[in-house]
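Residue-level structure breakdown
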Amino acid sequence: MNDSRLRTVMACAAVALLLVSFAPWWTVRWTSMRYGSGEVTEHVTTASAWTASTGWSVGIVLGVVAVIGWLWWPQPLPRPRRSAFVSTVAVAAVATTVGTRLAIILEQGATGGTYAVVPATGDGRQIGDIVRDSLPSGTAGWGFYAGVVVLLTIAVCALVGRRAERRSRSLT
């Protein structure tokens, strides 16, 4: 893949990442029943990456930094350094995002489930509230999976670009 195609894919991936970062990355579902009538109501609360998790927010910022590094690296610095930096940051973005999700899965296993009924607390929280960095109940939303795909695209482009640069240097 040539450099102009990589630049286009990276730029599109950055825009996609920023858009998907506001999608539902975390979802909490619960059911309530009205006392007396027995009326059942389904409820859903969602949160974006920015409001659900610091780890996911850091992953998105690292992904955007990788793209910016790829597209606008200062010219006086050697290009191989750019490739190494961008590849490292892009892989770190994926690792941070997926690692945060794995930590949530481990926390869910430690609490014995994915759902807990919690009445209103003294601090004003209600059932179904999503508390940043405290996500033991709920599931990853479609935004998380889309975000991981976009971050993987950025990382693969960075690694492919680095390999292509090495190959072009060895040919000259």
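Predicted model, so just to flag it, every value in this text is computed and none were measured. (Residues numbered from 1 in each chain as written. Predicted model: local features only at pLDDT ≥ 70, side-chain atom pairs only at ≥ 80, totals over all residues. Heavy atoms only, no water.)

Here strand E1 (residues 26-33) pairs with strand E2 (residues 40-47) via eight bridges, running antiparallel. Paired with valine 28 across the bridge in E2 is threonine 45. Hairpin connection between E1 and E2: a loop of six residues separates the two successive antiparallel strands, and glycine 36 in this loop has a positive phi of roughly 100°. Summarising the sheet, E1 and strand E3 (residues 139-140) pair through two bridges and their orientation is antiparallel. Across the sheet, the residue bridging to tryptophan 26 is alanine 140, located in E3. (Pairing = 2+ DSSP bridges. Helix = DSSP H or I, 4+ residues; strand = E, 2+ residues; numbered from the N terminus.)

Moving on, we come to the packing of helix H1 (residues 3-20) against helix H3 (residues 54-72). Contact pair H1 / H3: the axes reach a minimum separation of 10 Å and the direction vectors enclose 155°. If you check the angle between H1 and H3, you find them roughly antiparallel. Between H1 and H3 the crossing geometry is left-handed. Across the interface between the two elements, Asp3, Leu6, Arg7, Met10, Ala11, Ala14, Leu17 and Leu18 from H1 touch Ile60, Gly63, Val64, Ala66, Val67, Trp70 and Leu71 from H3. Partitioning the contact of H1 with H3 into residue classes produces twelve nonpolar, one polar and two charged. (Axes fitted to C-alpha atoms, helices over the stretch in contact; angles between N-to-C directions. Parallel < 35°, antiparallel > 145°, perpendicular 65-115°, else oblique. Left-handed = near helix turned anticlockwise from the far one by under 90°. Contact = heavy atoms within 4.5 Å. Nonpolar A, V, L, I, M, F, W, Y, C, P; charged D, E, K, R; others polar.)

Before going further, it helps to examine the side chain of serine 48. Structurally, the position occupied by serine 48 is in the loop between E2 and helix H2 (49-52). With residues up to four places along the chain from it excluded, the contact list for serine 48 reads Ser21, Phe22, Ala23 and Trp25.

What follows concerns the environment of glycine 55. Considering the arrangement of structural elements, one finds glycine 55 in helix H3. Sequence separation between glycine 55 and aspartate 133 is 78 residues, and the spatial gap between their C-alpha atoms is 8.1 Å. Beyond its immediate stretch of four places on either side in the chain, glycine 55 contacts Thr96, Thr100 and Asp133.

Let us now look at the packing of aromatic side chains. Taken as a whole and assessed by the stated rule, the structure comprises six aromatic pairs. A centroid spacing of 6.2 Å and a plane angle of 45° characterise the contact between tryptophan 26 and tryptophan 56, whose relative ring orientation is tilted. Taken together, the positions of tryptophan 26 in strand E1 and tryptophan 56 in helix H3 put the pair 30 residues apart, joining distant regions of the chain. According to the relative accessible area criterion, tryptophan 26 is buried, its value standing at 0%. Within the aromatic cluster, the residues linked to one another by ring pairs are Trp25, Trp26, Trp56, Phe144 and Tyr145. (Phe/Tyr/Trp six-rings, centres within 6.5 Å; stacked < 30°, edge-to-face > 60°. Buried < 20%, exposed > 50% of the residue type's maximum accessible area, 1.4 Å probe, protein only.)

A few words on the side chain of threonine 100. On the secondary structure map, threonine 100 appears in helix H4 (residues 79-111). The exposure class of threonine 100 is buried, given its relative accessible area of 16%. Contacts of threonine 100, omitting those with residues within four sequence positions, involve Ser53, Gly55 and Trp56.

What follows is about the nonpolar core. Side chains that are nonpolar tend, in soluble globular proteins, to be buried together. Met10, Leu17, Trp26, Trp56, Leu135 and Ile154 are the most contacted members of the largest nonpolar core, which totals 38 residues. Secondary-structure elements contributing two or more residues to this core are H1, E1, H2, H3, H4 and helix H5 (142-171). No other element matches the eight residues that H5 contributes to this core. Residues within four places of tryptophan 56 in sequence aside, it is in contact with Trp25, Trp26, Ala49, Thr97, Thr100, Arg101, Ile104, Leu135 and Phe144. (Core = buried A, V, L, I, M, F, W, Y, C linked by side-chain atoms within 4.5 Å.)

Our focus in this paragraph is H1. Over its 18 residues, H1 extends 25 Å from the first C-alpha to the last, a length consistent with the 26 Å expected when each residue adds 1.5 Å. Burial in H1 covers these residues: Leu6, Met10, Ala13, Ala14, Leu17 and Val20. Taken end-on, H1 shows its buried residues confined to a sector of 140°, consistent with a single buried face. When the buried face of H1 is taken as reference, the exposed residues oriented beyond 90 degrees from it are Arg5 and Leu19. (Expected span 1.5 Å × (residues − 1). Arc of directions from axis to C-beta.)

Geometric values such as these leave the question of function open.
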